[in-house]
Amino acid sequence: MPIAGDLSAITREVEEFVASGGWDQAPQLFALVPTAHLLREQPDLVGQIDPDAALTPVAQEALSEDDLGAALAAIMWPEAVHGCALAQEIVMLPPEAEADLPEEAESLERIAASHPQAREARLVASALRDGTIACVLRLRSADGETDEVIEHKDLAPNLTAALLDTLRD
């Protein structure tokens, strides 16, 4: 099983892959599969993926944007999947702005997106069956030039907990 540093690198790889497609994308889910297993099962991938990587992210079918929590709750991974990663775009507000937000989800999303201090971001959270987690957050730049990237395992505790739940037997 990979160590935490490996998962951080894989999470950055997933974020960079998703970032290559630009902004305004639907949530994307990836299975994290041992590379050796993947190459045994699909030998045509030789030369296309790094054989030295402990895990390889494998993109899954699109998730419903309506209720991401419900979509994740319905997922159960086969034994060959050692972890998973989810990339999703979010709107971030400074803590002082959160006090003025309503509790209803529909109003919350609309108001947060139109708030003058809102920042768009892409969050990638990853989890392994052993409980290891990693997160990468890319803050969309206002000038379209240089995005800020933040990495810390505790950026999205609710999301990493939901991902871990998909990996439980």
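Small disclaimer: the values here were computed from a predicted structure and weren't measured.

> Can you tell me about the overall build of the protein chain, naming the residues and giving the values?
Check the secondary structure of the protein chain and you find six helices and six strands. Moving toward the C terminus, one meets the helices and strands of the protein chain in the order α-β-α-β-α-β-α-α-β-β-β-α. For the protein chain, the proportion of its 169 residues judged to be buried stands at 40%. Taking the contacts inside the protein chain whose residues are at least 6 apart along the sequence as the reference set, 64% of them involve residues at least 24 apart. Carbon and sulfur atoms form 50% of the exposed surface of the protein chain, whose accessible area is close to 9900 Å².

> So what's going on with the nonpolar core? Which residues, and what values?
Of all hydrophobic cores here, the largest spans 29 residues; its most connected members are Leu29, Leu63, Leu72, Trp77, Leu86, Leu159 and Leu163. Among the secondary structure elements, those contributing two or more residues to this core are strand E1 (28-34), helix H2 (35-41), helix H3 (68-73), strand E3 (83-92), strand E4 (119-128), strand E5 (133-139) and helix H6 (157-167). Aside from chain neighbours lying at most four places away, what touches Leu163 is Leu29, Leu72, Cys84, Leu86, Ala125, Ser126 and Ala127. If you look at the next biggest cluster of nonpolar residues, it comprises 12 residues, including Leu7, Val18, Phe30 and Ala87.

> I'd like a rundown of the pattern of salt bridges, residues and numbers included.
Across all of its chains, the model carries eight salt bridges by this definition. The partner of Asp154 in a salt bridge is Lys153, with the nearest N and O atoms 3.4 Å apart. Using a relative accessible area of 44% as the deciding quantity, one classes Asp154 as partly exposed. Beyond isolated ion pairs, a larger network of salt bridges with shared partners links Glu15, Glu89, Arg122 and Arg138.

> Lay out the environment of Ala125 with the relevant residues and their values.
Structurally, Ala125 is set in strand E4. Ala125 sits in the buried class, given a relative accessible area of 0%. Expressed as a C-alpha distance, the spacing of Ala125 and Leu159, which sit 34 residues apart in the sequence, is 7.0 Å.

> Before we move on, can you summarise the environment of Ser141 with the specific residues and values?
For Ser141, the location among the structural elements is in the loop between E5 and strand E6 (148-151). Judged by relative accessible area, which is 13%, Ser141 ranks as buried. For Ser141, the contacting residues outside a window of four places in its chain are Thr146 and Asp147.

> Describe the pairing of E3, and please don't skip the residues or the numbers.
Here E1 runs beside E3; their pairing, made up of five bridges, is antiparallel. For Leu32, the partnering residue across the bridge sits in E3 and is Gly83.

> Give a detailed account of the layout of surface pockets, specifying residues and quantitative values.
Gaps left between atoms show up when a probe the size of a water molecule is rolled over them. Reported here for the second largest pocket is a volume of approximately 170 Å³. Surrounding the second largest pocket, Glu13, Leu38, Gln42, Leu45, Ile49, Asp50, Ala53, Leu55, Thr56, Pro57 and Val58 form its lining. Broken down by element, the residue count for the lining of the second largest pocket peaks at four residues, all from strand E2 (residues 55-59). In terms of residue class, the lining of the second largest pocket is made up of seven nonpolar, two polar and two charged.

> Just give me the short version of the sheet that holds E4, but keep the residues and values in it.
Strand order across the open sheet formed by six strands is E2-E1-E3-E4-E5-E6, with antiparallel pairing between neighbours. One side of each edge strand has no neighbouring strand; the edge strands of this open sheet are E2 and E6. The average undirected angle you get between the axes of adjacent strands in this sheet is 20 degrees. Here H6 sits on the sheet and contacts E1, E3, E4 and E5; the angle it forms with E4, its principal contact strand, is near 35 degrees.

Rules of the game
- Residues numbered from 1 in each chain as written.
- Predicted model: local features only at pLDDT ≥ 70, side-chain atom pairs only at ≥ 80, totals over all residues.
- Heavy atoms only, no water.
- Helix = DSSP H or I, 4+ residues; strand = E, 2+ residues; numbered from the N terminus.
- Buried < 20%, exposed > 50% of the residue type's maximum accessible area, 1.4 Å probe, protein only.
- Contact = heavy atoms within 4.5 Å.
- Areas by Shrake-Rupley, 256 points an atom, 1.4 Å probe, with all protein chains shown as cover.
- Core = buried A, V, L, I, M, F, W, Y, C linked by side-chain atoms within 4.5 Å.
- Salt bridge = Lys/Arg side-chain N within 4 Å of Asp/Glu carboxyl O.
- Pairing = 2+ DSSP bridges.
- 1 Å grid on protein atoms, 1.4 Å probe; cavity = no way out; pocket = protein on both sides within 12 Å on 5 of 7 lines; lining within 4 Å.
- Points joined across faces, edges and corners; volume = space filled by probe spheres on them.
- Nonpolar A, V, L, I, M, F, W, Y, C, P; charged D, E, K, R; others polar.
- Axes fitted to C-alpha atoms, helices over the stretch in contact; angles between N-to-C directions.

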